[in-house]
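These are the residues of each chain, in order.
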Amino acid sequence: MSGQPGVGTGIRKAAPSGSSTATPAESLTALQYAAEEGHFVAQWKLGRMYALGDGVVQDDVRAFEYFSRIANAHAEDSPSAPQSAIVANAFLALGRYYLSGIPNSKVKPDPDRAREMLSYAASYFGNADAQYDLARLYLKSSDASRDDFRYGARWLGLAAQKGQHQAQALLGQMLFNGDRLPRQAARGLMWLTLARDSAGPDEAWIKESYNRAFAKASDDDRASALKMLELWVQGKRD
């Protein structure tokens, strides 16, 4: 199983298209001015830059502050609004910061606050990365209650259906191995195949999980998984 995604993972995925990787001093000043005036896109870009150390010295505290401004000002924006992806990912970034805390700062690990942030991004905005993170929070405990497991499995399934490949991999593992879910080897292999095709070079755990499952799968399971994949590609998803 993979480790919990870091803040930077979601930020890279959520970066608006056309964002510059090298920001001259003049552009940085302009962004800072716009951010102080309340422009959320500038706040997002600055938060992203400081979280990743992209053109500036990496500073999680400053990133946290910019993401907080977005969350505080735009929490009730419509999920269908053009800016909703940025707002959702600001909540996602805050949730991840609260999970781990920021060393030498006032931002301490706060699992309850993290869950609150992730829940809002997952439920109100329907953010697939937040749904995956939330699922892991519910599922990771060995003594999770039945309700916790039900919530976790639900969020995992929603994220997987939206194409979140880490959720697809984890759900595939659980289904193939019968890990706290009724074993469905073919469906598990299908999810693992989808996840493998989207995995990045630093996600060896996904490819290894697929390889193990494929090696153990029967010919019938492989054939059924292939049929399910064909239906998935056709948009016939259940």
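Residues numbered from 1 in each chain as written. Predicted model: local features only at pLDDT ≥ 70, side-chain atom pairs only at ≥ 80, totals over all residues. Heavy atoms only, no water.

**With respect to the confidence of the model for the chain**
Where we set the bar: Scored from 0 to 100, pLDDT records how confident the predictor is in each individual residue. Here, residues are in contact when the closest pair of their heavy atoms is within 4.5 Å.
Averaged over every residue, the pLDDT of the chain is 88; residues scoring 70 or more account for 88%. Note on residues 14-23: pLDDT under 50 across the span, and 13 contacts to partners over four residues away in sequence or across chains.

**Here's the deal with the environment of Ala185**
Heads up, the rule is: The numbering of helices and of strands both runs from the N terminus, where a helix is a DSSP run of H or I of at least 4 residues and a strand a run of E of at least 2. Throughout, exposure labels follow a simple rule: accessible area from a 1.4 Å probe, protein chains only, divided by the maximum for the residue type, with under 20% read as buried, over 50% as exposed, and the rest as partly exposed.
Position of Ala185 among the secondary structure elements: in helix 10 (residues 185-198). Look at Ala185 and you get buried, because its relative accessible area is 8%. Spatially, the C-alpha atoms of Ala185 and Phe214 are 9.7 Å apart, while their sequence positions differ by 29 residues. Apart from residues lying up to four places away in sequence, Ala185 is in contact with Leu175, Phe176 and Asp221.

**Observations concerning the packing of helix 7 (residues 128-139) against helix 8 (residues 146-161)**
Note the threshold: Angular values range over 0 to 180 degrees, each being the angle between N-to-C directions of two axes fitted as lines to C-alpha atoms, with helices fitted over their stretch in contact. Convention used here: angles under 35 degrees read as roughly parallel, angles over 145 as roughly antiparallel, angles from 65 to 115 as roughly perpendicular, and any remaining angle as oblique. Helix crossings are classified by the rotation of the near helix relative to the far one: an anticlockwise turn of less than a right angle makes the crossing left-handed, while a clockwise turn makes it right-handed. Amino acids are sorted into nonpolar (Ala, Val, Leu, Ile, Met, Phe, Trp, Tyr, Cys and Pro), charged (Asp, Glu, Lys and Arg) and polar (every other residue, Gly among them).
Packing of helix 7 against helix 8 leaves a shortest axis separation of 8 Å and a crossing angle of 155 degrees. It follows from the interaxial angle that helix 7 and helix 8 lie roughly antiparallel. For the element pair helix 7 and helix 8, the recorded crossing hand is left-handed. Residues Ala128, Gln131, Tyr132, Leu134, Ala135, Tyr138 and Leu139 of helix 7 pack against Asp148, Phe149, Tyr151, Gly152, Ala153, Trp155, Leu156, Leu158 and Ala159 of helix 8. Grouping the amino acids of the contact of helix 7 with helix 8 by side-chain chemistry returns 13 nonpolar, two polar and one charged.

**Quick notes on unusual backbone geometry**
A positive phi is found at Asn104, a non-glycine position, where the angle reads about 55 degrees. Its location among the elements puts Asn104 in the loop between helix 5 (84-100) and helix 6 (111-123). Phi is positive for Arg180, which is not a glycine, with a value near 65 degrees. One can find Arg180 in the loop between helix 9 (165-177) and helix 10.

**Notes on the packing of helix 9 against helix 11 (residues 204-216)**
Remark: helix 9 packs on helix 11, axes separated minimally by 10 Å, with the N-to-C direction vectors making an angle of 30 degrees. Comparing the axis directions of helix 9 and helix 11 gives the class roughly parallel. Relative to helix 11, helix 9 is oriented so that their crossing is left-handed. On helix 11, the residues touching His165, Gln166, Ala169, Leu170, Gln173 and Phe176 of helix 9 are Trp205, Ile206, Ser209, Ala213 and Lys216. A class-by-class count of the residues in the contact of helix 9 with helix 11 yields six nonpolar, four polar and one charged.

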